[in-house]
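If you want the building blocks of each chain, they are given just below.
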Amino acid sequence: MQFTGLLDKDGKEIYESDYLRLEGLEVKVKWSEFDAGFVFEDESGSQMTITSGNSNEWKIIGNIYKNPELLSSEE
């Protein structure tokens, strides 16, 4: 897991494969070859580039390694 360089609203480091709650959505943090950076991906597969502007609103809710049940929501 790669560190994104960002912190959530509780001051926890955000890593690739973390799941976050953001503006009422649950999103996964992924590396994008196309964007050459980290992106948020929602359950529909839509992606948006991560910026630090509103990181104080993000909340880590788990990751695929410590919370494998989150993977079932991707299927």
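Anything mentioned here points back to the structure above.
Residues numbered from 1 in each chain as written. Predicted model: local features only at pLDDT ≥ 70, side-chain atom pairs only at ≥ 80, totals over all residues. Heavy atoms only, no water.

A. Region of interest: the sheet that holds strand β6 (residues 47-49). Ordered by their spatial adjacency, 5 strands build an open sheet running β6-β5-β4-β3-β7, and the pairing between neighbours is antiparallel. Of all strands in the sheet, those bounded by a partner on one side alone are β6 and β7 (59-63). Strand-to-strand twist in this sheet, taken as the mean axis angle between neighbours without regard to direction, amounts to 35°. Judged from the 5 bridges that link them, strand β4 (residues 25-32) and strand β5 (residues 37-41) form a sheet pairing that is antiparallel. Residue pairing across strands places K30 opposite V39, the latter belonging to β5. (Pairing = 2+ DSSP bridges. Helix = DSSP H or I, 4+ residues; strand = E, 2+ residues; numbered from the N terminus. Axes fitted to C-alpha atoms, helices over the stretch in contact; angles between N-to-C directions.)

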